[in-house]
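Inside the fold
Spelled out from the first residue to the last, the chains are:
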Amino acid sequence: MHELYRDPGVRAALRERYGDRVFTAGEVDRRALGEIVFADPAELAWLEALLHPRTMARTEAWLEELSAQPDPPALAVNEVPLLYETNSQDRFDAVVVVTAPHEIREARAGERLDDREARLLPDEEKAGRADFAYVNDGSLDELDHFVRSVVDSLVTR
């Protein structure tokens, strides 16, 4: 939820803690912030304590909005990068895990991810706990086919 970095409370907390080091042209510089927090577990814990409750509250509000609609959608999808790490999986009816080999993730990110990924559950464990899992190392058509099959399965539940 990158829009949280536009939240005045988040911005004020970041400015108080880091000053101008994490701002570029008035916007939160996520790369600069990442360099700080991924180098220091205490700083990462502080940032997660700031952002995670806000993220969960926004997700809950969004789901309530959807369910209050006269014709609510049959399916709502929410991306949660640290789902298992934050023990949030029970908040959802189903979990879909999409992974990719480490080399592909690094190529897509354009940077080394070792430090950031070291604190994550292994892909195999996530996939084993998920209702649906896919290794995204093929074509977009293959990924689209997987997504269509998951949507069809969930909608018919």
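A brief report on the enclosed structure follows. Note that the coordinates shown come from a computational prediction; the quantities given were computed from them, not determined experimentally. (Residues numbered from 1 in each chain as written. Predicted model: local features only at pLDDT ≥ 70, side-chain atom pairs only at ≥ 80, totals over all residues. Heavy atoms only, no water.)

Details of a nonpolar patch on the surface
- Taken together, the side chains of Val 147, Val 151 and Val 155 make up a nonpolar region of the molecular surface, amounting to roughly 200 Å² of accessible area.
- Examined against the element boundaries, Val 155 turns out to sit in helix 7 (residues 140–155).
- We classify Val 155 as partly exposed; its relative accessible area is 44%. (Patch = residues over 30% accessible without salt bridge, like charges linked within 9 Å, V, L, I, M, F, W, Y side chains within 5 Å. Areas by Shrake-Rupley, 256 points an atom, 1.4 Å probe, with all protein chains shown as cover. Salt bridge = Lys/Arg side-chain N within 4 Å of Asp/Glu carboxyl O. Helix = DSSP H or I, 4+ residues; strand = E, 2+ residues; numbered from the N terminus. Buried < 20%, exposed > 50% of the residue type's maximum accessible area, 1.4 Å probe, protein only.)

Quick look at the packing of aromatic side chains
- Under the definition given, this model contains 2 aromatic pairs.
- The interplanar angle of 90° and the centroid separation of 5.7 Å between the aromatic rings of Tyr 18 and Trp 46 together place this pair among those described as edge-to-face. Residue Tyr 18 is located in helix 1 (residues 8–18), and its partner Trp 46 is located in helix 3 (residues 41–68); the two are separated by 28 residues in the primary sequence.
- Taking the relative accessible area as the measure of exposure, Tyr 18 reaches 4% and is therefore buried.
- Against the face of Phe 23 rests Arg 15, its NZ or CZ located 3.8 Å from the ring centre. (Phe/Tyr/Trp six-rings, centres within 6.5 Å; stacked < 30°, edge-to-face > 60°. Lys NZ or Arg CZ within 6 Å of the ring centre and 35° of its normal.)

Things to note about a negative patch on the surface
- A grouping of Asp 137, Asp 141, Glu 142 and Asp 144 is seen on the molecular surface, where their side chains present a negatively charged patch.
- Summarising the element assignment, Asp 144 is placed in helix 7. (Lys, Arg positive; Asp, Glu negative; His and termini not counted. Charge placed at Lys NZ, Arg CZ, Asp CG, Glu CD.)

Some thoughts on the packing of helix 2 (residues 30–37) against helix 3
- Interaxial distance between helix 2 and helix 3 falls to 7 Å at its minimum, and their mutual angle equals 125°. Taken together, the axis directions place helix 2 and helix 3 in an arrangement best described as oblique. Contacts between helix 2 and helix 3 involve Leu 33, Ile 36 and Val 37 from the first element and Pro 41, Glu 43, Leu 44 and Leu 47 from the second.
- Across the contact of helix 2 with helix 3, the residue classes tally to 6 nonpolar, no polar and 1 charged. (Axes fitted to C-alpha atoms, helices over the stretch in contact; angles between N-to-C directions. Parallel < 35°, antiparallel > 145°, perpendicular 65-115°, else oblique. Contact = heavy atoms within 4.5 Å. Nonpolar A, V, L, I, M, F, W, Y, C, P; charged D, E, K, R; others polar.)

A few points about helix 2
- Turning to helix 2, its buried residues number three or more, namely Ala 32, Leu 33, Gly 34, Ile 36 and Val 37.
- By the N-cap criterion, in which a side-chain oxygen at the helix start approaches the backbone nitrogen of a residue two or three places on, helix 2 is capped by Asp 29, the distance to Arg 31 being 3.1 Å. (Polar contact = N/O pair within 3.5 Å; in protein donor to acceptor, adjacent residues only side chain to side chain.)

Describing the environment of Arg 21
- The residue Arg 21 is located in the loop between helix 1 and strand 1 (23–24) in this model.
- C-alpha of Arg 21 to C-alpha of Leu 33: the two residues are 12 residues apart in sequence and 7.9 Å apart in space.
- Setting aside residues up to four positions removed in sequence, Arg 21 forms contacts with Ala 32 and Ile 36.

With respect to the nonpolar core
- By size, the foremost hydrophobic cluster in this structure holds 16 residues, and its most contacted members are Tyr 5, Leu 14, Leu 33 and Leu 47.
- Membership of the second largest hydrophobic core comes to 6 residues, among which are Phe 132, Tyr 134, Leu 143 and Phe 146. (Core = buried A, V, L, I, M, F, W, Y, C linked by side-chain atoms within 4.5 Å.)

Observations regarding the pattern of salt bridges
- Counted under the stated rule, the structure contains 8 salt bridges.
- In this structure, Arg 91 and Glu 60 form a salt bridge, with 2.7 Å as the shortest nitrogen-oxygen distance. Taken together, the residues span a long stretch of sequence, with Arg 91 in the loop between helix 3 and strand 3 (96–99) and Glu 60 in helix 3 at a distance of 31 residues.
- We classify Arg 91 as partly exposed; its relative accessible area is 29%.
- For Glu 60, a relative accessible area of 32% gives the class partly exposed.
- Residues joined by salt bridges that share partners form a network here, namely Glu 3, Asp 7 and Arg 58.

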